[in-house]
Amino acid sequence: QVQLVESGGGLVQAGGSLRLSCAASGRSFSRYNMGWFRQAPGKEREFVARIRWIGDKNYADSVKGRFTISRDNEKNTVYLQMNSLKPEDTAVYYCAADFDLTDLSVGSWGRGTQVTVSS
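Small disclaimer: the values here were computed from a predicted structure and weren't measured.

Trainee: Explain the sheet that holds strand β1 (residues 4–7) to me, using residue names and the numbers behind them.
Mentor: Sheet architecture is open: four strands sit in the order β1-β3-β8-β7, paired in antiparallel fashion. Looking at strand neighbours, the two that pair on one side only are β1 and β7 (67–72), the edges of this open sheet. Between one strand axis and the next, the sheet turns by 15 degrees as a mean value, whatever way the strands run. Here β1 runs beside strand β3 (residues 18–24); their pairing, made up of four bridges, is antiparallel. Across the sheet, L4 pairs through a bridge with A24, a residue of β3.

Next comes the structure, spelled out in structure tokens:
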């Protein structure tokens, strides 16, 4: 199990950018698959992006071309660069480690950071 702490959320106008950070504990961070999810009010938590320890990445269709996930194993940190933000991106963003896309009860989760995009 790994402990995760997100930061970097805030209020931004549509078209703007934010970079989220997720600081992780644990001795095996470099071997963890890491990802970002988000949850808007009244909505289910949805997948945003994943980076496997091997280094390959994938994204939800809604953020492809706008968001970029990356990791720094030396700093035990994963990032989500969010560009061209839309009001629809407003949500609490959660970092996850060792998760299963088919069962969100699996893995470790941070407490979340709020992202609000104004029109």
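Trainee: Residue-level account of the pattern of salt bridges, with values.
Mentor: Within the structure shown, the criterion is met by five salt bridges. A salt bridge links K64 to D61; the shortest N-O distance between them is 3.0 Å. Through salt bridges that share partners, R38, E46, R66 and D89 make up one connected network.

Conventions we followed
Residues numbered from 1 in each chain as written. Predicted model: local features only at pLDDT ≥ 70, side-chain atom pairs only at ≥ 80, totals over all residues. Heavy atoms only, no water. Pairing = 2+ DSSP bridges. Helix = DSSP H or I, 4+ residues; strand = E, 2+ residues; numbered from the N terminus. Axes fitted to C-alpha atoms, helices over the stretch in contact; angles between N-to-C directions. Salt bridge = Lys/Arg side-chain N within 4 Å of Asp/Glu carboxyl O.

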